[in-house]
Each structure stands twice: as structure tokens, then as C-alpha cells.
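# An overview of the molecular structure
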Amino acid sequence: SAGIPRDFMHLFILSFNNRTTLNLRIILRNIRSATSDWYVSDKKEEIEKDESVKYLFEGIVNEIVIKKKKTHFLLPQKYSDNKYIKKLVDLRVLHIRQKGISHKHTTNKLYDVYSVDYGSYTSLDITKNSLDTDYTQLMQDLKTIEDVRDARALSLEDDFFERFILNIGEGKKCSNCGKTIDINHLAYKKQRLCNHCYEKNE
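Now for a look at the structure at hand. (Residues numbered from 1 in each chain as written. Predicted model: local features only at pLDDT ≥ 70, side-chain atom pairs only at ≥ 80, totals over all residues. Heavy atoms only, no water.)

This model, assessed by the stated rule, comprises six aromatic pairs. Measuring from centroid to centroid gives 6.0 Å for Y55 and F164, while their planes differ by 15°, and the two rings are stacked. A residue pair is termed long-range when its members are at least 10 positions apart, and Y55 in helix α3 (residues 51–67) and F164 in helix α8 (residues 158–167) qualify at 109 residues. Residues F73 and Y114 carry aromatic rings whose centres are separated by 5.8 Å and whose planes lie at 15° to one another, so their mutual orientation is stacked. Taken together, the residues F73 in strand β1 (residues 72–76) and Y114 in strand β3 (residues 111–116) connect sequence positions 41 residues apart. (Phe/Tyr/Trp six-rings, centres within 6.5 Å; stacked < 30°, edge-to-face > 60°. Helix = DSSP H or I, 4+ residues; strand = E, 2+ residues; numbered from the N terminus.)

Moving on, we get to α8. Among the residues of α8, those classed as buried are F160, F161, E162, F164 and I165. Considering only its buried residues, α8 is in contact with α3, β1, α4 (83–90), β4 (171–173) and β5 (180–182). At the exit of α8 stands G169, carrying a positive phi of roughly 80°. (Buried < 20%, exposed > 50% of the residue type's maximum accessible area, 1.4 Å probe, protein only. Contact = heavy atoms within 4.5 Å.)

With that out of the way, let us pick up a negative patch on the surface. Taken together, the side chains of E45, E48, E51 and E58 present a region of like negative charge at the surface. Going through the elements one at a time, α2 (28–48) and α3 are the ones with two or more residues in the negative patch. Within the element layout of this structure, E58 appears in helix α3. With relative accessibility at 45%, the residue E58 sits in the partly exposed group. (Patch = residues over 30% accessible without salt bridge, like charges linked within 9 Å, V, L, I, M, F, W, Y side chains within 5 Å. Areas by Shrake-Rupley, 256 points an atom, 1.4 Å probe, with all protein chains shown as cover. Salt bridge = Lys/Arg side-chain N within 4 Å of Asp/Glu carboxyl O. Lys, Arg positive; Asp, Glu negative; His and termini not counted. Charge placed at Lys NZ, Arg CZ, Asp CG, Glu CD.)

The sheet built from three strands is open, its strands ordered β1-β3-β2 with antiparallel pairing. The open sheet terminates on both sides in strands that have one partner only, identified here as β1 and β2 (94–101). Across the sheet, the mean angle separating the axes of adjacent strands is 30° when strand polarity is ignored. Across five bridges, β1 lies against β3 in antiparallel orientation. Across the sheet, residue P76 finds its bridge partner in β3, namely Y111. Across the sheet, α3 lies against β1, β2 and β3, angled at about 90° from β3, the strand it touches most. Most of the contacts of α4 go to β2, to which it runs at about 125°, and overall it touches β1, β2 and β3. (Pairing = 2+ DSSP bridges. Axes fitted to C-alpha atoms, helices over the stretch in contact; angles between N-to-C directions.)

The quantities given are spatial measurements derived from coordinates; they are silent on function.
Next up, the structure:
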């Protein structure tokens with residue numbers, strides 16, 4: 001339940017109701033079934049109402065859970081105010097675990113730690129046993145990793161979000177620096193400036 005009382009109560013009730021007459025105790029199968037049911041009934045429908053939110057969440061699950069076999073990840077703090085990230089947090093499919101941490105190789109860059117909701121990958125039939133779900137291990141890795149490329153492997157970086165905003169039609173390539181402009185950024189909305197190099201783009 002990621003520490004969310006509402007989710008805990010519903011998961012407990014669903015797990016209790018999923019018991020069989022042969023086994024009156026709540027067992028792991030009941031909990032897995034409950035998390036999947038709760039995700040589908042309470043969260044999935046809300047995600048699917050917004051194609052951009054759905055696209056972003058599917059991208060995060062694919063990148064973090066399926067490819068990297070993890071459930072926790074780092075996100076550059078500048079993306080914490082992204083309206084789609086905030087929507088996923090509001091829908092309780094992303095959970096904020098810690099704010100404002102840095103890696104020794106990126107001391108000028110702050111990250112927030114997020115976890116992916118358990119029900120979202122249970123519904124994909126991905127077993128928890130095949131994943132690295134240890135939040136403390138992520139924090140330990142952050143302290144001990146020497147190679148900045150390995151540190152980046154723990155996070156979602158600019159290239160991930162640049163692909164996202166291009167694919168949903170909210171980004172365009174800067175004619176000066178070649179990076180992807182977020183057309184919702186105030187610098188671009190007010191003065192048509194790139195939010196990376198701050199040069200004019202018409």
C-alpha cells in the first residue's frame with residue numbers, strides 16, 4: 001500500500017474477501033489478487049482517461065520495471081512539477097519516497113526518489129520475486145557507485161522526457177541547440193525561448 005491508509009484498507013478487505021473455504025488465512029495469492037483488482041478498479045480507469053498520462057506511465061513501467069527490473073527510481077527534481085508526473089502521484093500509481101538527494105558525481109543536480117505502485121506491475125503478471133524492490137539498496141547504490149553512467153541507470157533522465165513530450169506533441173526541436181523544447185515551459189510560452197539554451201525559436 002506504500003504507506004497510503006486508503007489503499008491499505010481496501011487491499012486488506014479485498015484480500016480478506018479473496019480467501020477460500022479451504023484456507024481461511026490471508027495468503028500471498030490473496031494479496032496479489034487484491035492488488036491487481038484494486039489497481040484495475042480504482043486506478044487504471046483514471047489513467048486511461050488521459051492518453052498522455054497513460055503513455056507516460058506505460059513508459060515508466062517499461063523502463064523501470066520491465067527493462068531494469070526495479071520498482072524504485074530517481075527523477076531529476078526539475079520534473080517533479082511536470083503535470084503528468086503530478087497526476088500519476090495524485091492517482092497513487094507513483095509514490096514519492098524521498099526528496100532532494102544528490103549523487104557525488106552530480107552534486108549540482110537534485111533528485112527525488114519514486115516507487116512504482118505494486119498493483120500496476122502485478123496486473124502485468126510480473127512477480128515481485130523477479131524484481132529489485134529494496135529501497136535501501138537503491139540508496140546504498142547511489143552512495144557507492146563511482147561511474148556516473150551507472151548512476152544514470154538508476155534514474156529517468158532528460159532523454160526519456162524529451163522522447164515523451166515529442167511523442168505527445170508537446171515538444172519541438174530547438175533550431176539552435178538541437179535539444180527538445182518543452183512548449184509548455186513559460187520561457188517558450190511567453191517569449192518563444194528554448195528552455196535549454198534560451199535562444200529564440202519561432
